[in-house]
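Summary of structural features
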Amino acid sequence: MIDRQNGTMAVLVCGVFLTAILIGMSVTARTLPDSEAPVQRRQETEDVQRMFTNDNTDEKPGLDLAEVSQNIEEEVKNTDSTPNQDSENDIEGNERALLKVTDRIITETQDDATAANPEEPPIERKYEFEEMFVEHPILGNKGDLRTKTMKARVKSVYIVHAKPAAGIERKQIAILLLHGAKFSAATWDQTNTIEALVQEGFDVYAMDLPGYGRSEGKVDSALREAFLKGIINKMGLSKPIIVSPSMSGSFSVPLVLTDPSLISGFVSVAAVWTKKLEGVNWGMIDVYALHIYGDLDTEIGAVGAAIFEKSKGPPEKKPQVFVMKNAHHPCYIDNPKAFNKRLIRFALRVEGKRSNTKLG
């Protein structure tokens with residue numbers, strides 16, 4: 001009987017001891033000085049960001065890390081009113097708000113990413129085409145670090161090449177279609193964009209970017225421009241027009257900035273990273289540009305439009321901006337006919353400019 005009482009007493013003592021430790025930790029966390037509390041919250045935010053920027057983990061398709069970071073910071077600021085040191089409720093409320101903000105933003109972003117490759121309906125193509133899987137492009141010699149990295153991470157790239165039918169005058173310039181985070185090469189069949197371009201005499205190449213559709217692997221941000229350049233060279237495309245919606249701007253915009261001589265035209269369809277083009281003098285580079293966006297896209301599309309409209313260069317070389325009415329961020333989905341018509345008009349304009357000069 002005495003042993004049982006002693007055992008019970010020991011358990012109670014341990015419980016009291018552990019409770020005291022937990023209370024002490026809680027009090028310490030809740031009595032942070034005003035100057036330290038925001039620092040702790042910022043540190044928690046940075047820890048969350050590092051989870052998604054660690055290059056050793058698999059990057060989720062469509063995960064815009066910069067946007068996640070910016071959204072977290074902005075919403076933390078909105079919830080981060082100066083806490084009252086004497087009010088435990090204020091501090092607890094701000095900490096819960098921070099966790100809720102980061103959890104929601106990360107969850108929403110991952111949901112977008114997992115929706116990037118939905119099951120696609122069977123495609124009925126009414127044009128001549130060739131499907132292919134190409135290996136990673138050689139970016140330098142085989143011992144080049146970039147080539148080794150690409151070989152390790154990009155397993156195969158799916159590309160469909162659509163060809164004009166016999167009897168249609170073939171254009172000099174090919175068109176390379178990229179896609180957004182929730183889409184793939186098949187999207188351009190669903191909008192009849194490929195067929196519309198082929199009927200005008202353009203060779204069209206629609207690609208699944210690595211990690212999307214039928215393509216395997218991934219391309220780190222630092223190698224995306226080199227990857228796109230490698231694909232252009234590997235496919236033997238001579239100064240194509242690149243059509244780049246949304247996420248694919250992380251591939252195309254750096255190419256426009258670093259090696260514009262590889263392309264004839266650049267079509268930003270509310271592409272990301274267009275802010276990097278701010279200040280570009282289009283009269284100094286041999287590229288024609290068009291920015292298409294939906295009037296309901298007040299963020300990426302509208303921001304890009306403002307940048308292109310303020311661009312430098314002679315009138316005939318300044319980028320054109322086309323706003324689609326009652327259209328959202330993927331405006332080509334809302335009104336494919338209007339989108340295709342404007343894209344063809346631009347492509348014919350670039351073709352006309354190029355037809356008077358020999359393509360390199």
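Okay, the overall build of the protein next. Along the protein, the regular secondary structure elements total 12 helices and 9 strands. For the protein, the proportion of its 360 residues judged to be buried stands at 44%. Residue pairs at least 24 apart in sequence account for 74% of intrachain contacts in the protein once pairs closer than 6 positions are excluded. Surface accessibility of the protein: about 18900 Å² in total, with carbon and sulfur atoms responsible for 53%.

Within the fold, Ser252 resides in helix H9 (residues 249–258). Exposure remark for Ser252: the relative accessible area of 1% places this residue in the buried category. Dropping the residues within four chain positions of it, Ser252 is found in contact with Leu178, Leu228, Ile242, Ser244 and Phe266.

Nonpolar side chains in soluble globular proteins generally cluster together in the buried interior. Counting residues in hydrophobic clusters, the biggest one holds 40 residues, and the most contacted among them are Ile159, Met207, Phe227, Leu228, Ile263, Phe266 and Trp282. Those elements that place two or more of their residues in this core are strand S1 (128–134), strand S2 (154–163), strand S4 (204–207), helix H8 (224–234) and H9. Ignoring any residue separated from it by four or fewer positions in sequence, one finds Ile159 in contact with Glu130, Glu131, Met132, Val134, Tyr205, Ala206, Met207, Ile231 and Met235. By size, the runner-up hydrophobic cluster in this structure holds 33 residues, among which are Ile194, Val204, Val267 and Ala347.

Before going further, it helps to spend a moment on the pattern of salt bridges. Counted according to the given criterion, the structure contains 9 salt bridges. The closest approach of N and O atoms between Arg125 and Glu131, which form a salt bridge, is 3.5 Å. For Glu131, a relative accessible area of 37% gives the class partly exposed. Across the pair Lys229 and Asp259 runs a salt bridge, and its minimum N-O distance is 3.1 Å. You can see Lys229 sitting in helix H8 and its partner Asp259 sitting in the loop between H9 and strand S7 (265–269), a full 30 residues away along the chain. A relative accessible area of 16% places Asp259 in the buried class.

Buried residues dominate strand S6 (residues 241–245), accounting for 5 of its 5 residues. By the alternation rule, side chains of S6 split into Ile241, Val243 and Pro245 and Ile242 and Ser244, which are all buried. Pairing geometry for strand S3 (residues 175–177) and S6, over 3 bridges, is parallel. Considered in S6, the bridge of Leu176 is made with Ile242.

Our next topic: unusual backbone geometry. For residues other than glycine, phi is negative in most cases, and the peptide bonds are mostly trans. Its identity is not glycine, yet Lys239 carries a phi of approximately 50°, on the positive side. Following the sequence through the fold, Lys239 ends up in the loop between H8 and S6.

Each α-helix winds once per 3.6 residues, and so residues spaced three or four apart point in a common direction. Within the span of helix H10 (residues 300–309), buried status applies to Gly301, Gly304, Ala305, Ile307 and Phe308. Down the axis of H10, the buried set is contained in an arc of 165°. They therefore lie on one face. Contact partners of the buried residues in H10: S7, strand S8 (288–294) and strand S9 (320–324).

Turning to the packing of H8 against H9, a few remarks are in order. Between H8 and H9, the least distance of the axes is 8 Å, while the angle of their chain directions is 80°. Relative to H9, H8 is oriented roughly perpendicular. The segment H8 lies against H9, with Arg224, Glu225, Phe227, Leu228, Lys229 and Ile232 engaging Ser250, Phe251, Ser252, Pro254, Leu255 and Thr258.

So, on to the confidence of the model for the protein. Of all residues in the protein, 65% have pLDDT values of 70 or greater, and the mean over the chain is 75. The model gives residues 1–118 a pLDDT under 50, and that stretch makes 81 contacts with residues more than four places away or in other chains.

Turning our attention to the packing of aromatic side chains. Each aromatic ring pair is described using two quantities: the centre-to-centre distance and the angle formed by the ring planes. One pass over the structure, following the stated rule, counts 8 aromatic pairs. Each ring, one from Trp188 and one from Tyr332, has its centre 5.0 Å from the other, and the planes form 40°; the classification is tilted. Of this pair, Trp188 sits in helix H6 (residues 187–190) while Tyr332 sits in helix H11 (residues 331–334), and the two are 144 residues apart along the sequence. By relative accessible area, which is 1% here, Trp188 ends up buried. Using a relative accessible area of 3% as the deciding quantity, one classes Tyr332 as buried. It is Arg125 that lies over the ring of Phe129; its NZ or CZ is 4.6 Å from the centre.

Definitions and cut-offs
Residues numbered from 1 in each chain as written. Predicted model: local features only at pLDDT ≥ 70, side-chain atom pairs only at ≥ 80, totals over all residues. Heavy atoms only, no water. Helix = DSSP H or I, 4+ residues; strand = E, 2+ residues; numbered from the N terminus. Buried < 20%, exposed > 50% of the residue type's maximum accessible area, 1.4 Å probe, protein only. Contact = heavy atoms within 4.5 Å. Areas by Shrake-Rupley, 256 points an atom, 1.4 Å probe, with all protein chains shown as cover. Core = buried A, V, L, I, M, F, W, Y, C linked by side-chain atoms within 4.5 Å. Salt bridge = Lys/Arg side-chain N within 4 Å of Asp/Glu carboxyl O. Pairing = 2+ DSSP bridges. Arc of directions from axis to C-beta. Axes fitted to C-alpha atoms, helices over the stretch in contact; angles between N-to-C directions. Parallel < 35°, antiparallel > 145°, perpendicular 65-115°, else oblique. pLDDT = per-residue confidence, 0-100. Phe/Tyr/Trp six-rings, centres within 6.5 Å; stacked < 30°, edge-to-face > 60°. Lys NZ or Arg CZ within 6 Å of the ring centre and 35° of its normal.

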